[in-house]
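The primary structure of each chain is shown beneath.
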Amino acid sequence: MEPAQPADRAPTDATPPDGQPPVRPTAGATPPAGEPALVEPTGPVPAVDAGEHPAPPARKEKARSERSPKDMALSLLVLLVPIALLIAFYRGFLGGDSPVTVDPAPAVEQARATNAFPVAQPRDLGSDWRTVSARFQTEPGGGTLRIGYLTPEGRGAQLVESNVPAEKLLPAELSGGQPQGPAELPGGVSWQRYTARGNEQALVLLEPNRTVIVVGDARESELRELATALR
């Protein structure tokens, strides 16, 4: 006959009947002799998310935000130095700022070949006067020779010679400019001062078989020099 169990012994996690979960001892209860005590967790249990992974630290964004103004200036300088060198080479060795000059001789010879009016051409102009355009054009009522110049001061001037009637030529070339009185030039030739389009001014020589116009945004002294050089 087996001895009776003590009445004060608490039930353990013995295997329960089939289909029922094991019964855990009540928190704080003293475990039976010979059995280890169950330790309850005291802190929060970290959750394990098997579906998502934590994003890596944004090191690149942080590095970019920490770039100093000095670093940015150095980066910009690295880009600007080659550009500056290319511009200097273009201007210094290739003549990038120099205007394209032309030879007016073919247009002058074409105007003279028509024998429509006496063609004058500037003589003894300095080398700092550069010819940038030259064209002879026939039109109803006559022909017109136009030669464009860049003056020593870097301004524009144009020589116009034509046998088109002055009442038609002047409004077209001077955009309705009005006479401002005579201009005293060497040689005793009766030139007239005219206003022109925009900030331009003009010197006009009216003759029976031709009209000569010197017009541009150059100063009047340079327009006078060009008009006086005509031969």
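What counts as what
Residues numbered from 1 in each chain as written. Predicted model: local features only at pLDDT ≥ 70, side-chain atom pairs only at ≥ 80, totals over all residues. Heavy atoms only, no water. Helix = DSSP H or I, 4+ residues; strand = E, 2+ residues; numbered from the N terminus. Buried < 20%, exposed > 50% of the residue type's maximum accessible area, 1.4 Å probe, protein only. Contact = heavy atoms within 4.5 Å. Areas by Shrake-Rupley, 256 points an atom, 1.4 Å probe, with all protein chains shown as cover. Arc of directions from axis to C-beta. Polar contact = N/O pair within 3.5 Å; in protein donor to acceptor, adjacent residues only side chain to side chain.

- As named in an unreviewed UniProt entry, the protein chain is DUF4245 domain-containing protein, taken from Micromonospora chersina.

1. Brief notes about the overall build of the protein chain
Right, so step 1: The helix and strand tally for the protein chain stands at 5 helices and 7 strands.
Right, so step 2: Relative to its full complement of 231 residues, the protein chain shows a buried share of 25%.
Right, so step 3: Within the protein chain, contacts between residues at least 6 apart in sequence are counted, and of these 45% link residues at least 24 apart.
Right, so step 4: As displayed, the protein chain offers around 16500 Å² of accessible surface, 57% of which is attributable to carbon and sulfur atoms.

2. Some words on helix H5 (residues 220-228)
Right, so step 1: Buried within H5 are the following residues: Glu222, Leu223, Leu226 and Ala227. Relative to the axis of H5, the buried residues are bounded by an arc of 140° and lie together on one face.

3. Considerations on the environment of arginine 231
Right, so step 1: Looking at the secondary structure, you find arginine 231 in the segment after H5.
Right, so step 2: Arginine 231 sits 110 residues away from glutamine 121 along the chain, and the two C-alpha atoms are 5.6 Å apart.
Right, so step 3: Those residues within four positions of arginine 231 in sequence are excluded, and the remaining contacts are Val119, Ala120, Gln121 and Arg123.
Right, so step 4: Among the polar contacts listed, one links the side chain of arginine 231 to the backbone oxygen of threonine 228, at a separation of 2.6 Å.

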